[in-house]
Amino acid sequence: METSEASEKMDAVSVPKETPKSCPKEQPKRQPGTRALIGACLVISLGASLATIAGYDRWFAQKVVAVDIKGYIAQQRDNYLAGKLNDVELKKSFDRLEAVITAIPKNRVIIMGDAVVRNAETVAP
């Protein structure tokens, strides 16, 4: 009897009556490699640096702009004396000159066109 009781206990312990549902084995998550981490850091750093430089150049850096006011006024005077412009058109042309000058952004330094030798942006009214 002892053997039959022992075998019943073993059967009850070692063999489960229901088979467990099989779960898919999860792969352990791997940490990114050192090269990938260094590469990601370099790409992010380079992108942030380029964005900072581009933003500074566009909105904060002082730049020189030349406006040929003397030449524009001389041209308008010649057109007025030749009869190509009347009083109203002359006033409109000077208003347009003023609008062009006031539309230049604050980070631009405006100088007379006569003072520029080369390599400066020139705005024509």
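The structure we're discussing is the one just above.
The structure displayed is predicted, hence computed values, not measured ones. Every chain's residues receive numbers from 1 upward, in the order its sequence appears when written. The predicted nature of this model means local features are confined to residues of pLDDT at least 70 and side-chain atom pairs, given and counted, to a pLDDT of 80 or more, with totals for whole chains, interfaces and linings taken over all residues. The basis for every side-chain value is the complete set of heavy atoms in the structure, and neither hydrogens nor water enter the calculation.

### Digging into the overall build of the protein chain
We count a stretch as a helix when DSSP gives it H or I for four or more residues in a row; a strand needs E for two or more, and each element gets its number in order from the N terminus. The secondary structure content of the protein chain amounts to four helices and three strands. If you list the helices and strands of the protein chain from N to C, you get α-α-β-α-α-β-β. The criterion used for residue contact is that any of the two residues' heavy atoms lie within 4.5 Å. Taking all contacts inside the protein chain whose residues are at least 6 apart in sequence as the whole, residues at least 24 apart take part in 75%.

### Digging into the side chain of Gln-76
Looking at the secondary structure, you find Gln-76 in helix α3 (residues 69-81). According to the relative accessible area criterion, Gln-76 is buried, its value standing at 6%. A distance of 3.3 Å separates polar atoms of two side chains, one belonging to Gln-76 and the other to Ser-93. Contact partners of Gln-76, with chain neighbours within four places excluded, come to Leu-85, Leu-90, Ser-93 and Phe-94. Type-normalised accessible area, obtained with a 1.4 Å probe on protein chains alone, sets the label of each residue: buried when under 20%, exposed when over 50%, and partly exposed for intermediate values. Identification of polar contacts relies on pairs of N or O atoms within 3.5 Å, with a donor-acceptor requirement for protein atoms, meaning one able to donate a hydrogen and the other able to accept it, and with residues adjacent in sequence counted only if both atoms are side-chain atoms.

### Re the packing of α3 against helix α4 (residues 87-102)
Axis geometry follows a simple rule: fit a line to the C-alpha atoms, using only the stretch in contact for helices, then measure angles between N-to-C directions, giving values from 0 to 180 degrees. For the pair α3 and α4, the least separation of the axes is 10 Å and the interaxial angle reads 170°. With respect to α4, the axis of α3 lies roughly antiparallel. From α3, Ile-69, Tyr-72, Ile-73, Gln-76 and Tyr-80 reach across to α4, where they touch Asp-87, Leu-90, Ser-93, Phe-94, Arg-96, Leu-97 and Ile-101. All amino acids are sorted into three groups, where Ala, Val, Leu, Ile, Met, Phe, Trp, Tyr, Cys and Pro are nonpolar, Asp, Glu, Lys and Arg are charged, and the leftover types, Gly among them, are polar. Its residues assigned to classes, the contact of α3 with α4 comprises eight nonpolar, two polar and two charged. Note on angle classes: values under 35 degrees are labelled roughly parallel, values over 145 roughly antiparallel, values of 65 to 115 roughly perpendicular, and the remainder oblique.

### Some details on the sheet that holds strand β3 (residues 121-123)
When DSSP locates at least two bridges between a pair of strands, those strands are taken to pair. Spatial ordering of the open sheet is given by β2-β1-β3, a layout of three strands whose pairing is parallel. Each end of this open sheet is capped by a strand with a single partner; those strands are β2 (108-112) and β3. The sheet shows a mean angle of 35° between the axes of neighbouring strands, taken without regard to direction. Bridge count for strand β1 (residues 63-67) against β3 is three bridges, and the pairing is parallel. Pairing of Val-67 across the sheet is with Val-123, part of β3.

### Observations regarding the pairing of β1
Pairing geometry for β1 and β2, over five bridges, is parallel. Each bridged residue has a counterpart across the sheet, and for Ala-66 the counterpart in β2 is Ile-111.

By themselves, these figures tell us nothing about what the structure is for.
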